[in-house]
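Remarks on the overall topology
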Amino acid sequence: MTAPLAFSDEVRRARADARPLVALESTIITHGMPYPQNVETARRVEAQVRAAGAVPATIAVMAGRIRIGLSDDELETLGRAREVMKLSRADLAVCLASGRTGATTVAATMIAAALAGIDVFATGGIGGVHRGAESSFDVSADLQELAQTRVTVVSAGAKAILDLPKTLEMLETLGVPVIAVGQSEFPAFWSRSSGLEAPLRLDTASEIAAAHLMRARLRLPGGQLVANPIPREAEIPREVIVPAIEAALADAARQGIAAKAVTPFLLQRLFELTQGRSLAANIALVLDNARLAAQIAAEIVRHRQAES
């Protein structure tokens, strides 16, 4: 039996023509922002991928299928949907088997992308080790997925609400390459600076594509985490965002917010504390990650064609 994949017409044509593809997650649509801004942002991200020379494949679970690429109507339906499951590795199969609608997180999008033969995935920021994880054991499944699923993930680093030093330590333990782009410091989502040195640095899409292909030749499991700093004009400096994060974390602790509810709560609280600036920065970094991911996908195709 094969995986229940359903390809959009655009993605099907791209696969047939061996054109570069970029996977996109769907939780930004269902859990990241309200309608209609969610659908408008998703369309902007897809347009950015196309403008940079690749084909977007937004991934979601609908009617018992993993949709690899969404039509305009499907995107609109998803953007308006209620009671959408937030899917990771643990609940992907149950959502499919029960016929429910589900939005894919980083981990679930990586799984679907690998099943569909898509090498590159653009997101905002990955999950990681939450603060206080030494007692809560709250660690995102994204990290294990990066260690076992061969997809290059382009992000603006890990979400800055996390424990970034512990997240980097766990990625090292799991053998995940963490590659900063154009700088030696690991970016911190809304900020270009985290105060932490990145384990690896590459400066071009071609170099990142070559590393992706070399890992396959070495039969190494897992993907690469590409940490692309937010554009300078869109960043929120550390001295501004860090106090807001601390305040949001304190609010979450007082209200007993836990598990999957933590990240959505913190992002909404930061939106309020920064008067919307955090969301504007989030959109800017996702668009820039989509651009870089498309360039990497195109370089992977070019490298493969040169080798054949």
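Going by the structure above, here's the rest.
Residues numbered from 1 in each chain as written. Predicted model: local features only at pLDDT ≥ 70, side-chain atom pairs only at ≥ 80, totals over all residues. Heavy atoms only, no water.

1. Comments concerning the pairing of strand 4 (residues 65–68)
Stated precisely, the cut-off is as follows: A pair of strands is considered paired only if DSSP assigns at least 2 bridges between the two. Working definition: helices are DSSP H or I runs of at least four residues, strands are E runs of at least two. Numbering for both runs from the N terminus.
Pairing geometry for strand 1 (residues 5–7) and strand 4, over three bridges, is parallel. Residue pairing across strands places Leu5 opposite Ile66, the latter belonging to strand 4. Bridge count between strand 3 (residues 55–62) and strand 4: four bridges; the pairing is antiparallel. Across the sheet, Met62 pairs through a bridge with Arg65, a residue of strand 4. Hairpin remark: strand 3 followed by strand 4, antiparallel, with two residues in the connecting loop; positive phi at Ala63, about 55°.

2. A few points about the nonpolar core
Rule in force here: Among the buried residues, those of types Ala, Val, Leu, Ile, Met, Phe, Trp, Tyr and Cys that are joined through side-chain atoms within 4.5 Å form a nonpolar core. Exposed residues in this analysis have more than 50% of their type's maximum accessible area, buried residues have under 20%, and partly exposed residues fall in between, with area computed by a 1.4 Å probe over protein chains only.
Counting 91 residues, the largest nonpolar core has Val22, Ile68, Ile126, Trp190 and Ile296 as the members making the most contacts within it. Looking at which element gives the most residues to this core, the answer is helix 13 (residues 277–307), with 13 residues. Membership of the second largest hydrophobic core comes to eight residues, among which are Ala42, Leu70, Leu75 and Leu78.

3. Description of the packing of aromatic side chains
The description of an aromatic ring pair uses the distance of the two centres, along with the angle that the planes make with each other. Let me state the cut-off plainly: Any two rings among Phe, Tyr and Trp, with Trp reduced to its six-membered ring, count as a pair given centres within 6.5 Å; such a pair is stacked if its planes are under 30 degrees apart, edge-to-face if over 60, and tilted if neither. Charge over a ring is defined by NZ of Lys or CZ of Arg lying within 6 Å of the ring centre and within 35 degrees of the ring normal.
Under the defined criterion, the tally for this structure stands at one aromatic pair. Ring geometry for Phe189 against Trp190: centres 4.7 Å apart, planes inclined by 80°, an arrangement best described as edge-to-face. When its relative accessible area of 1% is taken as the criterion, Phe189 is described as buried. For Trp190, a relative accessible area of 1% translates into the label buried. For the cation-ring pair, Arg15 lies above Phe7, with the distance from its terminal atom to the ring centre recorded as 4.1 Å.

4. Some words on the pairing of strand 9 (residues 178–181)
Burial along strand 9 is two-sided: Val178 and Ala180 and Ile179 and Val181, pointing in opposite directions, are all buried. As judged from the three bridges shared by strand 9 and strand 11 (residues 224–227), these two strands associate in the parallel manner. The residue of strand 11 that forms the bridge with Ile179 is Val226. Of the pairings in the sheet, the one linking strand 9 to strand 10 (residues 200–202) comprises three bridges and is parallel in character. In the sheet register, Ala180 faces strand 10, and the bridge partner there is Arg201.

5. Observations concerning the pattern of salt bridges
Pairs may arise between side chains of opposite charge once their charged atoms sit close together. The following threshold applies: Salt bridge, as used here: a side-chain nitrogen of Lys or Arg that lies within 4 Å of a carboxyl oxygen of Asp or Glu.
Enumeration according to the criterion identifies 17 salt bridges in this entry. A salt bridge links Arg43 to Glu76; the nearest nitrogen and oxygen atoms lie 3.6 Å apart. Of the two residues, Arg43 is situated in helix 3 (residues 37–51) and Glu76 in helix 4 (residues 72–80); the sequence distance between them amounts to 33 residues. In this structure, the salt-bridge partner of Asp203 is Arg201, at a minimum N-O distance of 2.9 Å. Take Asp203: its relative accessible area is 44%, and that puts it in the partly exposed class. Under the relative-accessibility criterion, Arg201 is labelled partly exposed at 41%. Salt bridges sharing partners connect three or more residues here, namely Arg43, Asp72, Glu76 and Arg80.

6. Describing the side chain of Asn289
Our working definition: Between N or O atoms, a polar contact is any pair within 3.5 Å; within protein, one atom must be a potential hydrogen donor and the other a potential acceptor, and residues adjacent in sequence are included only when both atoms are from side chains. In this analysis, two residues are considered to be in contact whenever any of their non-hydrogen atoms come within 4.5 Å of each other.
Along the chain, Asn289 falls in helix 13. From its side chain, Asn289 meets the backbone oxygen of Thr123 in a polar contact 2.8 Å long. One polar contact links Asn289 to Asn228, side chain to side chain, over a distance of 3.0 Å. With near-sequence residues (within four places) excluded, Asn289 lies in contact with Ala122, Thr123, Gly124, Val154, Ser155, Ala156 and Asn228.

By themselves, these observations are geometric and do not establish any function.
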